[in-house]
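Listed below, chain by chain, are the residues.
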Amino acid sequence: MTYDLVVIGTGPGGYVCAIRAAQLGMKVAVVEKRATHGGTCLNIGCIPSKALLHASEMFEQAGHDLPALGVIVGKPKLDMAAMMKHKDETVSANVGGVGFLLKKNKVDTFTGHGSIPAAGKVKVTDSINGQTKILETKNIVIATGSDVAHLPGVTIDEKIVVSSTGALVLEKVPAKMVVIGAGVIGLELGSVWARLGADVTVVEYLDRILPGMDLDVAKQFQRILEKQGFKFQLSHKVSKVETTKTGAKVTIEPAAGGDASVVEADVVLVAVGRRPYTDGLGLEALGLELDRGKIAIDNHFATKIPGIYAIGDVVRGPMLAHKAEDEGVAVAEILAGQHGHVNYDVIPGVVYTMPEVASVGKTEEELKAAGIAYKVGKFPFTANGRARAMRQTDGFVKVLADATTDRVLGVHIIAAGAGELIAEAAMLMEFGGSAEDMARTCHAHPTMAEAVKEAAMAVDKRPIHI
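The structure displayed is predicted, hence computed values, not measured ones. (Residues numbered from 1 in each chain as written. Predicted model: local features only at pLDDT ≥ 70, side-chain atom pairs only at ≥ 80, totals over all residues. Heavy atoms only, no water.)

Caption draft 1: How the structure looks around the nonpolar core. Counting residues in each nonpolar core, the largest one holds 54 residues, and the members touching the most others are Ile142 and Phe301. Looking at which element gives the most residues to this core, the answer is helix H1 (residues 12–23), with seven residues. Excluding residues within four positions of it along the chain, Ile142 makes contact with Ile8, Ile116, Leu281, Leu283, Ile295, Ile308, Tyr309, Ala310, Ile311 and Val314. Counting 40 residues, the second largest nonpolar core, distinct from the first, contains Met83, Trp193, Phe230 and Val357. (Core = buried A, V, L, I, M, F, W, Y, C linked by side-chain atoms within 4.5 Å. Buried < 20%, exposed > 50% of the residue type's maximum accessible area, 1.4 Å probe, protein only. Helix = DSSP H or I, 4+ residues; strand = E, 2+ residues; numbered from the N terminus. Contact = heavy atoms within 4.5 Å.)

Here is the structure:
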């Protein structure tokens, strides 16, 4: 049998690509090395971490926030086994759902390691018995995602020195945790364990947290996390991690040089980013060169070899599940003769802490660097009625609009539920909307979303409630 398309990898990009291609009438197969579908995101990334973030936030609220609302429950007791069961059930439901969707759309599934011996051929190697089979196909989409980036000289054992994977399965709350890296993953997982009682210190090489996000947002968010108990060692690097019988000794040095210090920890989380995962695909033999580990593609997701495409974390752009999904849909539509497209200027990013941090479009720093004249509108949640009612007044909305056209160029939010609020901004920007459009749109009262409207009004210096 010859397929119209074989997708290697069934993470968010891969499985969405396969389903969309099947909807468009193609004969499709997927190859997945795991026993379950969903990739890193559903199995050991986005989904299990959000389950623990939610559960730990409920624990935090029960212990600290509910009495102010007149709800007296006493000191909460942590049942780690039950919390992990909730996480595992969430993962199981999601990966099972993907399997159901692939079957529903008549996508053939093959379990094993996928490689490409030649254009039009995908070899599937069974990870247990080593047996192989060749799938013939007109087109191949590489959607193999990414893997944990390692810190040179630091060995991850997933017990004391853990990656994001190990941080999701700790058997007990560490008294002291050192997080290496102040990016999204480090702050999210650090939040989980901080809420459950860990003393968390974050070490970051740069002089700020959340690299790439708006600096105004990063500064206020750092202050919020510090109020929650986080300690930060910015402009520092980790030069050595030495494990002991009971924990680890972490050697920290100023990034610019200077005296080193040693911090003891029960658990060390290495969260220095992710790397594209292309191991064992056979790209070198095919003549496909990598640029900083990523596969080079054109504007239609095609590599230089006809019939081979790539999407998601293995190609340029942010390593985000929803970016991969949109690329999966786009390449499927292109293969069907349609005009698949992804607008990379409107891809939201979210940090799922409490409060959440959400961003879409350009930061102030990017606009300054590009020499684009812009206007800023900000509105704090301390002036929002719904936020007051929920006792969630940390944060603000920031709208950046073109000084000449008023077109919204970026929106940045710190708030409870910021990940949901950012969708309004993304929709507006997708249609080229202006701050005036957002300001003139009637928002329900009382809602957190009213702060988005007020920030848009503030672009023209006419907010009502501040």
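Caption draft 2: A look at a nonpolar patch on the surface. Together, Leu69, Val71 and Val73 make up a nonpolar patch on the protein surface, roughly 250 Å² of accessible area in all. Looking at the secondary structure, you find Val71 in the loop between helix H3 (46–65) and helix H4 (80–104). (Patch = residues over 30% accessible without salt bridge, like charges linked within 9 Å, V, L, I, M, F, W, Y side chains within 5 Å. Areas by Shrake-Rupley, 256 points an atom, 1.4 Å probe, with all protein chains shown as cover. Salt bridge = Lys/Arg side-chain N within 4 Å of Asp/Glu carboxyl O.)

Caption draft 3: Examining the environment of Val376 more closely. Relative to the helices and strands, Val376 is located in strand S22 (residues 374–380). Val376 gets classed as partly exposed once you look at its relative accessible area, which sits at 30%. When neighbours within four sequence positions are excluded, Val376 is seen to be in contact with Glu364, Lys398, Val399, Leu400, Ala458 and Val459.

Caption draft 4: Expanded view of the packing of aromatic side chains. Here the structure, examined in full by the defined rule, presents two aromatic pairs. On the basis of an interplanar angle of 85° and a centroid distance of 6.4 Å, the ring pair of Tyr3 and Phe110 is categorised as edge-to-face. Highlighted residues: Tyr3 in strand S1 (residues 2–8) and Phe110 in strand S3 (residues 108–111), separated in sequence by 107 residues. Across this residue pair, the class does not change: Tyr3 and Phe110 are buried. Residues Phe230 and Phe232 carry aromatic rings whose centres are separated by 6.0 Å and whose planes lie at 20° to one another, so their mutual orientation is stacked. Here Phe230 falls in the buried class, since its relative accessible area comes to 4%. (Phe/Tyr/Trp six-rings, centres within 6.5 Å; stacked < 30°, edge-to-face > 60°.)

Caption draft 5: Inspection of helix H6 (residues 184–195) at higher detail. Over its 12 residues, H6 extends 17 Å from the first C-alpha to the last, a length consistent with the 16 Å expected when each residue adds 1.5 Å. Buried residues dominate H6, accounting for nine of its 12 residues. Among all positions of H6, only Gly186, Leu187, Glu188, Leu189, Gly190, Ser191, Val192, Trp193 and Arg195 are buried. A positive phi of about 125° marks Gly197, the residue just after H6. (Expected span 1.5 Å × (residues − 1).)

Caption draft 6: Structural context of the pattern of salt bridges. Enumeration according to the criterion identifies 21 salt bridges in this entry. The partner of Lys231 in a salt bridge is Asp199, with the nearest N and O atoms 2.4 Å apart. You can see Lys231 sitting in strand S11 (residues 231–234) and its partner Asp199 sitting in strand S10 (residues 199–204), a full 32 residues away along the chain. Through salt bridges with shared partners, a single ionic network connects Asp214, Asp216, Glu364, Lys378 and Lys398.

Caption draft 7: Quick peek at empty space enclosed by the protein. A full pass over the atoms with the stated rule returns one cavity of 30 Å³ or more. The calculated volume of the largest cavity comes to roughly 40 Å³. Lining of the largest cavity is provided by Val148, Ser163, Ser164, Ile185, Val270, Ala271, Gly273 and Arg274. For the lining of the largest cavity, the per-class residue count stands at four nonpolar, three polar and one charged. (1 Å grid on protein atoms, 1.4 Å probe; cavity = no way out; pocket = protein on both sides within 12 Å on 5 of 7 lines; lining within 4 Å. Points joined across faces, edges and corners; volume = space filled by probe spheres on them. Nonpolar A, V, L, I, M, F, W, Y, C, P; charged D, E, K, R; others polar.)

Caption draft 8: Region of interest: unusual backbone geometry. Cis geometry is found at the peptide bond from Met354 to Pro355, where omega equals 0°. Within the secondary structure, Pro355 is located in the loop between strand S20 (349–351) and strand S21 (356–361). The phi dihedral of Leu210 is positive, around 50°, even though this residue is not glycine. Mapped onto the elements of the fold, Leu210 is located in the loop between S10 and helix H7 (215–227). Positive phi is not limited to glycine here, since Arg391 has a value of about 55°. Looking at the secondary structure, you find Arg391 in the loop between helix H11 (385–390) and strand S23 (396–402).

Caption draft 9: Inspection of the layout of surface pockets at higher detail. Within this model, the second largest pocket holds a volume of roughly 600 Å³. Taken together, the elements giving at least two residues each to the lining of the second largest pocket come down to H3, H6 and H7. The element best represented in the lining of the second largest pocket is H3, accounting for five residues. When the residues that make up the lining of the second largest pocket are grouped by side-chain class, the tally is nine nonpolar, six polar and seven charged.

Caption draft 10: Structural context of the pairing of strand S13 (residues 248–254). Both strand S12 (residues 236–243) and S13 contribute to a ladder of seven bridges, which runs antiparallel. Pairing of His236 across the sheet is with Pro254, part of S13. Counting the residues in the hairpin turn of S12 and S13 gives four residues. Two elements, S13 and strand S14 (residues 261–265), share five bridges in a ladder whose sense is antiparallel. Each bridged residue has a counterpart across the sheet, and for Ile252 the counterpart in S14 is Ser261. Turn length for the S13-S14 hairpin, with the two strands adjacent in sequence and antiparallel, is six residues, and the turn residue Gly257 shows positive phi of about 100°. (Pairing = 2+ DSSP bridges.)

Caption draft 11: Focus on the sheet that holds strand S24 (residues 408–415). Taken together, the five strands give an open sheet; going across it, the order is S20-S21-S24-S23-S22, and neighbouring strands pair in antiparallel fashion. Because the sheet does not close on itself, it has two edges, and the strands there are S20 and S22. Each strand axis lies, on average, 10° off the axis of its neighbour in the sheet, ignoring direction. As defined by bridge partners, S23 adjoins S24 across five bridges and the pair is classed as antiparallel. The partner of Val397 across the bridge, within S24, is Ile413. Along the sheet, helix H14 (residues 450–459) contacts S22, S23 and S24; its crossing angle with S22, the most-contacted strand, is approximately 140°. (Axes fitted to C-alpha atoms, helices over the stretch in contact; angles between N-to-C directions.)

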